[in-house]
Amino acid sequence: MSQHTESVVAHKHPSDFVGAKIGMWLFLFTEVLLFGGLFLLYAVYRAKYPVDFHLAATELDTFIGTVNTLLLLTSSLTVVLSIEALQRGNRKLSIGMLATTILFGLGFMVNKYFEWGHKIEHGLYPGSEKLLSHSQGEITFFQLYYAMTGLHGLHVLVGMAVLGGVLYFIARKPVNKEHMNPTILRRFQGAARLAVISDNGNELGTVARIDEDVRNIDIRISYEHGEKRFDPRNLIKLENSALYWHLVDVIWIFLFPLFYLIT
Amino acid sequence: MQHEHHDPAAHEQALHGLGYGIYILIWIGLVVLTGVTVAIAGVDVRQLAVLVAMLVASVKSTLVMAYFMHLKYEPPVFRWMFLVLLVTFAIFMILLFSDVLFRSSPNVLFG
């Protein structure tokens, strides 16, 4: 029965979960190389100005840096717990963990706001008079600091937005949209009706007669379901977004010691 | 659940059904390692400090990728792809530093 239905209905969203994940990883690799270029820049200039870099790093607050590291690490945990919960059919826990992840991301950005704000207040920003009076090495350190943590912060914001989108998909009522193959429709015209039939062949109700006047059939089904059911397409959405989030965490794992812990 | 073998979700579950515990364990490890880097930064060990900090960061990111990002449980093609990334980055690094270290121009970076 299900075989038959599948031949009539043309799926709008063919799914290849492994392919989707490979695509995501390839995208993440481009991100690694993007940040990798900046890390190389950092390495070259740190080798050139070792003393200035140590001096400039004393301006950074190790405590805030450590707190932000813990926030991102914990958010990585909650997002992976969200995946595990969805796989186990615990949608509520999955949604809760996902919301927690976004909140941790928000906490990270709030810290960043105060951290940057504090520094800018003290006149330490690229091109500022105070910074320009420092040594070339210190100027370079702060240029790299703002560029790298800024780009990273942008990634945190994007990650939060993406996870928010996934949260919406998991929380909303599932909607299936199907479009009937026109050539098959032509065969049925005038001698068919659209009906709901159970797995054991009982007709549960006629939805519509398909006569010569019917030109096209689009079916949009939205339904309520219990905790245990979930749309597998949501799982891959969640998994790929989580991969992005983890990458943002991995980048911070390197940024943290390189900027905050070299004093 | 007669269609279980068709269900990609069920397949995923079979693939990554690790349970919550392992993730919490990895998280504890990551927090401890963070403490280690912060503690070591306080000790004055000069050049060694960078090495240790990068080593700890590498261990931490390996843990995140292997367990949180499921790389350990994906088909081998994922790990091969990752190896290609590392080799690519290593080539960039070698090319850059071979230029920076051995360049002889009026505005040399070193010396």
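Just so you know, these numbers come straight off a predicted model, no measurement behind them.

### Thoughts on the interface of chain A and chain B
With 49 residues of chain A in contact, the opposing surface of chain B contributes 47 residues. Of the roughly 4,300 Å² buried between chain A and chain B, counting both surfaces, carbon and sulfur atoms make up 80%. The interface formed by chain A and chain B includes one salt bridge. Note that B:Glu74 and A:Lys21 form a salt bridge whose closest N and O atoms lie 3.0 Å from each other.

### Points about the pairing of strand E4 (residues 203–210) of chain A
As paired strands, strand E3 (residues 192–197) of chain A and E4(A) are joined by six bridges and run antiparallel to one another. The residue bridging A:Ala195 from the neighbouring strand is A:Thr206, located in E4(A).

### Description of the pattern of salt bridges
Counting across every chain of the model gives four salt bridges over all chains. A:Lys21 is paired through a salt bridge with A:Glu239; the nearest N and O atoms lie 3.3 Å apart. Taken together, the residues A:Lys21 in helix H2 (residues 17–48) and A:Glu239 in helix H9 (residues 232–260) connect sequence positions 218 residues apart. There is no split in this pair, since A:Lys21 and A:Glu239 are both buried. Through salt bridges with shared partners, one network takes in A:Lys21, A:Glu239 and B:Glu74.

### Re the packing of aromatic side chains
All names here are of chain A. Applying the stated rule across the entire model yields 21 aromatic pairs over all chains. Where phenylalanine 108 meets tryptophan 252, the ring centres are 5.1 Å apart and the plane angle is 90°; that geometry is what we call edge-to-face. With phenylalanine 108 in helix H5 (residues 91–121) and tryptophan 252 in helix H9, the pair connects residues that are 144 residues apart, well separated along the chain. Side by side, phenylalanine 108 and tryptophan 252 carry an identical accessibility label, which is buried. Between phenylalanine 256 and tyrosine 260, the ring centres sit 5.8 Å apart and the planes meet at 35°, which makes this aromatic pair tilted. Separated by four residues within a single helix, phenylalanine 256 and tyrosine 260 lie in helix H9, roughly one turn from each other. An identical accessibility class is assigned to phenylalanine 256 and tyrosine 260; each is buried.

Parameters at a glance
- Residues numbered from 1 in each chain as written.
- Chains lettered and ligands numbered in written order.
- Predicted model: local features only at pLDDT ≥ 70, side-chain atom pairs only at ≥ 80, totals over all residues.
- Heavy atoms only, no water.
- Contact = heavy atoms within 4.5 Å.
- Buried area = accessible area lost by both parts, 1.4 Å probe.
- Salt bridge = Lys/Arg side-chain N within 4 Å of Asp/Glu carboxyl O.
- Pairing = 2+ DSSP bridges.
- Helix = DSSP H or I, 4+ residues; strand = E, 2+ residues; numbered from the N terminus.
- Buried < 20%, exposed > 50% of the residue type's maximum accessible area, 1.4 Å probe, protein only.
- Phe/Tyr/Trp six-rings, centres within 6.5 Å; stacked < 30°, edge-to-face > 60°.

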